[in-house]
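Single-letter residue listing:
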Amino acid sequence: MSDDEYDPHATLTGDAVFWADEAADAVEARGGDDPLVVKGGISPSGVPHLGNMNEIMRGYYVAEVLRERGHEVRQLFTADDRDPLRGLPRKLADLDGKIVDLGDVNAGALGRNLGHPYTDIPDPFGCCDSYGAHFSNLIERSADRLGVDVETVSNTELYESGEFEAVTRDLLASADEARDVLGKYQDKVDESYVPFNPICENCGKVTETVTAIDAEAGTVDYECTDMDAGDQTIEGCGHAGTATLREGKLPWRFEWPAQWQVLGVDFEPFGKDHAEGSWPSGSDIAATLLGIEPPTPMVYEWFTLDGDPFSSSAGNVVLVSDVLELVERDVLRYFFTKDPKRARDFSIERIDLLVDEFDRFERLYYGDVEDASEREIERAERIYPFVVGDVPDERPIRLPYTFAAVLGMTEDPALREEIARREGHIPEGASEEAVAAALERVERAREWAERTDNQYNYRIERRTMPAVDVDEETAAALDDLAAFIEDEEPDGETLQGEVYETAKRHDIDIGDFFATGYRLFFDEEQGPKLGQFLADLDREFVVTRLRREK
RNA sequence: GGGCCGGUAGCUCAGUUAGGCAGAGCGUCUGACUCUUAAUCAGACGGUCGGGGGUUCAAUUCCCUCCCGGCCCGCCA
């Protein structure tokens, strides 16, 4: 069922070059008071992957546009940390973002905590107050690394501090009405449905069976029964008890609108999974039951990771911290400025394409792209300042990403810089800081080459000579080449030519000769343009290696 | 089964608001650079804009219909 009044797809109209402008228009049209509240929410159930960051980044750009328009804006992020652990994730991550297998932590301890709120489960890494706190912490760190300042709100704290108490009491007092409203969206809601899940005082699990409500006293009676969790059942302990409204949680469909009310939310982006389920019921509950205007909604499509769905539980994840080892922060921020309505693949394998796209986007902003269309210039001029925050007066030096990967084949920083300069990627008058900043990309591209083990993953074999079989003629050719280098001290171009000449002179197949060269220096069949590269290395090493001495 | 969103070049994506010659980058191919070897430069190839129908002088764009993919219509977020 779709409610036209609150159609979450209608926020983005496609009129503007930047979708965040359209979302901001809708927020202003809704007419909330400053400070405007922009919210997202993530369950700290496990590794916070890049897709989860939509909850923060989509809201961030809208918040920034609203700030640009003179509004005071708070950006919140609710850690839905009173939710019960429903299954064991296959992968976890420590606070530095290092992924570990479930087996590397105390899996048994976790298993015994199925059904318990995240904030009641001990941190398997022992570094935070709870499982929930651990992963909330990781989410905050991810936001921080992206340069986004968000206030974290813990759901558990909202319950324990009593901030949720009034709305919970209201909902329980009008439980019949609540049932009716939700029943319009969920067939399974029957007469026994109660919009509150107490935590069992005996076993600590979130339970579903409420036997009596005393709204005035602010208590419910419950029985700890079994709970379905996907394909498995979490067993209840059978305990019958009484809980206060601070000792439990609202079901998600009510909890979400309750957050809007308690926190005064004006804008909230959410994944497409919510668009047809939680949102219609939530906006109805907010308007009908709570008597509040729901926030301006915005639906975003999901990302995939190298073609497959992100999955915390299955371990198909990449964290912000991982990505930032491969690309600059602003490249990743750029990724989140793309149209939320379109599903996107985030490809680690081809992250060079994203970087190229960003570099071009940046050049467009600085007016350095010939034959650019007006549309793309307009987009870059509008969006680029939001991506980088503070726009530098001069365009940063960017080494083409794959070129940076080639530079990563040598570890010598001076040599990297020299090659980059010779190839014209570093302008004459560039400051030392600007050059150093540009060369940082080499480390990232190197990391990419190694991680994906792609065509740039070559490294000069300096220490030990790779085993190479050379026939007599090839040996003579290599010796000639060594002598040529010793005598002539050629530049790269000359040396490249001489490689060809030498091969011809000795009647060796040129392809084979190059392959021998790559084998000697890289222990690979292929590599970068050999002459250029060897000319840049220290001569003594090259000559010695060509003579197969070590 | 019903609903929502999406489908544009091999890949990643602009463009559709308001109908007016189908776009970029990357890849591929060819060529240049004394040189078949991944960094540079030039050029080319590349499309039924998911299919079909309709409206129109004109449709990727508007309408209808069908196909494909994801999601929702249980729980949970």
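Residues numbered from 1 in each chain as written. Chains lettered and ligands numbered in written order. Predicted model: local features only at pLDDT ≥ 70, side-chain atom pairs only at ≥ 80, totals over all residues. Heavy atoms only, no water.

S.K.: I would appreciate a short explanation of the protein's contact with RNA strand B in the present structure.
M.R.: The local shell around RNA strand B holds 51 residues, among which W252, K272, Y500, G511 and Q526 are the closest. Take the atoms of RNA strand B that sit within 4 Å of the protein: sugar and phosphate atoms are 69% of them. A distance of 2.4 Å is found between a sugar or linking oxygen of RNA strand B and a side-chain nitrogen or oxygen belonging to H9. Interatomic distance of 2.9 Å between a backbone N/O atom of E276 and a sugar or linking oxygen of RNA strand B. (Near = heavy atom within 4 Å. Polar contact = N/O pair within 3.5 Å; in protein donor to acceptor, adjacent residues only side chain to side chain.)

S.K.: What is the right way to look at the UniProt feature "short sequence motif: 'HIGH' region" (unreviewed entry) in chain A in this model?
M.R.: The UniProt feature table records "short sequence motif: 'HIGH' region" (unreviewed entry) at residues 44-52. Span residues 44-52 is 0% helix and 0% strand, its end C-alpha atoms 10 Å apart. (UniProt positions renumbered as here; feature names shortened; annotations may be inferred. Helix = DSSP H or I, 4+ residues; strand = E, 2+ residues; numbered from the N terminus.)

S.K.: In this structure, what is going on with the packing of aromatic side chains? I would like to understand it.
M.R.: A complete count under the given rule lists 32 aromatic pairs for this structure. On the numbers, 5.3 Å between centres and 85° between planes, the contact of W256 with F270 is edge-to-face. You can see W256 sitting in helix 8 (residues 252-263) and its partner F270 sitting in strand 13 (residues 267-271), a full 14 residues away along the chain. Classification of W256 by relative accessible area gives buried; the value is 1%. Three or more aromatic residues joined by ring pairs form one cluster here, namely Y334, F358, F361, Y365, Y366 and Y384. Cation over ring: K272 sits above W302, and NZ or CZ is 5.7 Å from the ring centre. (Phe/Tyr/Trp six-rings, centres within 6.5 Å; stacked < 30°, edge-to-face > 60°. Buried < 20%, exposed > 50% of the residue type's maximum accessible area, 1.4 Å probe, protein only. Lys NZ or Arg CZ within 6 Å of the ring centre and 35° of its normal.)

S.K.: Just to check I follow, could you spell out helix 18 (residues 472-488) for this structure?
M.R.: Every α-helical turn comprises 3.6 residues, leaving residues that sit three or four positions apart pointing alike. Across its 17 residues, helix 18 extends 24 Å between first and last C-alpha, which sits within 8% of the 24 Å expected from 1.5 Å per residue. Those residues of helix 18 not exposed but buried are T474, A475, A477, L478, L481, A482, F484 and I485. Backbone geometry just downstream of helix 18 places E489 in the positive-phi region, at approximately 45°. (Expected span 1.5 Å × (residues − 1).)

S.K.: Any chance you could explain the layout of surface pockets here in plain terms?
M.R.: Sizing a probe to match a water molecule and rolling it over the atoms shows the empty space that remains. Estimated volume of the second largest pocket: approximately 460 Å³. Around the second largest pocket, the lining comprises 20 residues; the ones closest to its centre are R395, P396, I397, A434 and A437. Listed by contribution, the elements that provide at least two residues to the lining of the second largest pocket are helix 14 (374-388) and helix 17 (432-452). In terms of residue count, helix 17 provides more of the lining of the second largest pocket than any other element does, four residues in total. Of the residues belonging to the lining of the second largest pocket, the class tally is 11 nonpolar, two polar and seven charged. (1 Å grid on protein atoms, 1.4 Å probe; cavity = no way out; pocket = protein on both sides within 12 Å on 5 of 7 lines; lining within 4 Å. Points joined across faces, edges and corners; volume = space filled by probe spheres on them. Nonpolar A, V, L, I, M, F, W, Y, C, P; charged D, E, K, R; others polar.)

S.K.: For this particular structure, what's the right way to read the domain arrangement of chain A?
M.R.: One frequent convention defines the size of an interface as the accessible area lost when the parts assemble. Each domain of chain A was delimited in the assignment, giving domain 1 (19-163 + 253-309), domain 2 (197-244), domain 3 (401-452) and domain 4 (472-547). Distance between the C-alpha centres of domain 2 and domain 3: 60 Å. (Domains from an automatic or database assignment.)

S.K.: Explanation requested: the pattern of salt bridges in the structure shown.
M.R.: Between side chains of opposite charge, a pair can form when the charged atoms approach closely. Under the defined criterion, the tally for this structure stands at 39 salt bridges. Of the charged contacts in the structure, one is a salt bridge between D21 and R382, with a shortest N-O distance of 2.7 Å. Residue D21 is located in helix 1 (residues 19-30), and its partner R382 is located in helix 14; the two are separated by 361 residues in the primary sequence. Given the relative accessible area of 10%, D21 is considered buried. As a salt-bridge pair, R350 and D352 come within 3.0 Å of each other at their nearest N and O atoms. Residue R350 is classed as partly exposed on the basis of its relative accessible area of 42%. Its relative accessible area of 4% is what places D352 among the buried residues. Here the residues in one salt-bridge network are D21, D25, E28, E68, R69 and R382, joined through shared partners. (Salt bridge = Lys/Arg side-chain N within 4 Å of Asp/Glu carboxyl O.)

S.K.: How should the environment of W279 be read in this particular structure?
M.R.: Tracing the backbone shows W279 in helix 10 (residues 278-290). The buried category is assigned to W279, whose relative accessible area is 1%. Once the C-alpha coordinates of W279 and L95 are considered, the two residues, 184 residues apart in sequence, prove to be 32 Å apart. When sequence neighbours within four positions are dropped, the list of residues in contact with W279 reads Y6, P8, W256, W260, F270, H274, P294, P295 and P297. (Contact = heavy atoms within 4.5 Å.)

S.K.: Which parts of the structure should I look at to understand the confidence of the model for chain A?
M.R.: Low pLDDT means the predicted atomic positions in that stretch should not be read closely. Across chain A, the average pLDDT comes to 88, with 99% of residues at or above 70. Interface predicted TM-score (ipTM) for the complex: 0.82; the corresponding pTM is 0.90. (pLDDT = per-residue confidence, 0-100.)

S.K.: Please explain unusual backbone geometry as it appears in this structure.
M.R.: Between D34 and the following residue, P35, the backbone shows a cis peptide bond with an omega angle of -5°. Checked against the element boundaries, P35 lands in the loop between helix 1 and strand 1 (36-42). For D507, which is not glycine, the phi dihedral falls at a positive 60°. Counting through the fold element by element, D507 comes out in the loop between helix 19 (492-505) and helix 20 (510-522). Despite not being glycine, R548 has its phi angle at roughly 60°, a positive value. R548 gets classed as partly exposed once you look at its relative accessible area, which sits at 23%.

S.K.: Teacher, can you tell me more about the nonpolar core here?
M.R.: Most often, soluble globular proteins keep nonpolar side chains buried together rather than apart. Ranked by internal contacts, the top residues of the largest apolar core, which has 105 residues, are Y61, L332, F346 and L399. Top element by residues in this core is helix 2 (residues 54-68). It accounts for eight residues. If sequence neighbours within four positions are ignored, L332 has contacts with L50, L146, V320, V323, L324, V327 and F346. Counting 40 residues, the second largest nonpolar core, distinct from the first, contains Y185, L250, F254 and F270. (Core = buried A, V, L, I, M, F, W, Y, C linked by side-chain atoms within 4.5 Å.)

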